[in-house]
Amino acid sequence: MHYTCYKKSDLNNFNDDFYCINCIHLAVPRYNPFKVDTDEDTDDNIDDFSIKISNLLNQCQSHPTKSLNSLLCDQLSEHSSMLFQNIDGNKSNFDSLAVEIQRFKAKFSVIALAETNENPETSDLYQLSGYNSFYQNTSPGKSKGTGVALYVDKKLNANVISNHSFVSDNLETLFISLSSNGNTPVTVGVLYRPPSGDINEALNELSDLLNELPKKTYIMGDFNINLLDQNSTTVQLYEEIVFGKGYFPLISIPTHEKPGCKPSCIDNIITNNIDDVIMSGTLRDRIGHHASVFQVFNVTLESSSHNRFQYVSVLDEESEKLPVVYGVPQGSCLGPLLFIIYINDIYNSSNLGHKESPTSSL
């Protein structure tokens, strides 16, 4: 609090901070139902888990790309990371996103998009350098306000989880499994809740989904539920479901703002693996009305070329498993050509099946 503000004594309380009437516009709305007052509470009344979540939400900040680059350069290269953007139509904003991504000195491990308005059939038109793309079908009969996608670093081993990926009138989801150096794979998903859907049905579908997902799950998306509206019964129902399933949000500040409208926090990342989260925030340089949200987490994702084996299976017989020591990144342009070169002389590696040419017996 400014000293001059204190002297005036005409103070407004906002998020437990005090502002004079001239400075109240500087206050940033913040969502933090886990806020801990360490000055009043004794150590016996505070658990480490609540402190961890409260600190993450308090430290969630909006960053310009330039300063975030210097802050995160080491973090993004040493740890795993995710970025979510409601793109509000690939045709309108994908080129802007591609330019923004190139401004970062280090790569995000996974980039998630909502409202792509694109199907898998047209996904080849929207590629990010160094990433493999996974697109979900759009909602039938809709050309706008639909579609989710995931872009995964080509070095990583990713597989779509079909039974968790679906499109309904109330939710659109797409999930992948990423191999990690630990025993447990990392599950990453993107979710979009169309405002036109039934909110109660959406919450029921979300509840069922969270029940089925494994540990080490991260869900990015536009939930279209404003967490800054703490008087909303929808927010309260959402919190009961998400907290009750062991998931917690990582974004606490506004992510969406239209001219003349109040800012809202509708884009978020929720996880049931809060212990591995290092930091979270938003990007100040917006694409459309939505800010990008991101998080960095302390999990080492496994390269697609690491710890892989090859073998031949014919009927009920299998050959010995041998490690794959050569390969190319999945989805690379050179992959097919290099594969052809690699197997081009395989015919000469065995005498079986060789037949003399008609001229050899002459």
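About the criteria used
Residues numbered from 1 in each chain as written. Predicted model: local features only at pLDDT ≥ 70, side-chain atom pairs only at ≥ 80, totals over all residues. Heavy atoms only, no water. Pairing = 2+ DSSP bridges. Helix = DSSP H or I, 4+ residues; strand = E, 2+ residues; numbered from the N terminus. Axes fitted to C-alpha atoms, helices over the stretch in contact; angles between N-to-C directions. Core = buried A, V, L, I, M, F, W, Y, C linked by side-chain atoms within 4.5 Å. Buried < 20%, exposed > 50% of the residue type's maximum accessible area, 1.4 Å probe, protein only. Contact = heavy atoms within 4.5 Å.

A. Broad picture of the sheet that holds strand β8 (residues 158–160). Taken in spatial order, the six strands of this open sheet run β8-β9-β10-β11-β13-β12, and their pairing is mixed. Because the sheet does not close on itself, it has two edges, and the strands there are β8 and β12 (248–249).

B. Focus on the sheet that holds strand β14 (residues 277–283). Within the open sheet, the seven strands sit side by side as β3-β14-β15-β4-β5-β7-β6. Their pairing is mixed. Each of the sheet's edge strands pairs with one partner strand only, and the pair in question is β3 (61–63) and β6 (131–135). Ignoring which end each strand starts from, the neighbouring axes of this sheet average 25° apart. Both strand β5 (residues 110–114) and strand β7 (residues 148–153) contribute to a ladder of five bridges, which runs antiparallel. Paired with Ala112 across the strands is Leu150, a residue of β7.

C. The nonpolar core, seen in detail. Grouped together as the largest cluster of nonpolar side chains are 37 residues, with contacts concentrated most on Leu150, Leu178, Val188 and Met220. Listed by contribution, the elements that provide at least two residues to this core are α2 (48–59), β4 (80–86), β5, β7, β9 (172–178), β10 (186–192), β11 (217–222) and β15 (293–297). If you tally residues by element for this core, the top one is β10, at four residues. If sequence neighbours within four positions are ignored, Leu178 has contacts with Val110, Val152, Leu156, Asn157, Ala158, Pro185, Val186, Val188 and Leu301.

D. Fine view of unusual backbone geometry. One non-glycine residue with positive phi stands out, namely Asp88, at about 55°. Relative to the helices and strands, Asp88 resides in the loop between β4 and α4 (90–102). The backbone phi angle of Asn224 is positive, close to 50°, even though this residue is not glycine. Tracing the chain through its elements places Asn224 in the loop between β11 and α6 (233–244). Asn224 gets classed as partly exposed once you look at its relative accessible area, which sits at 22%.

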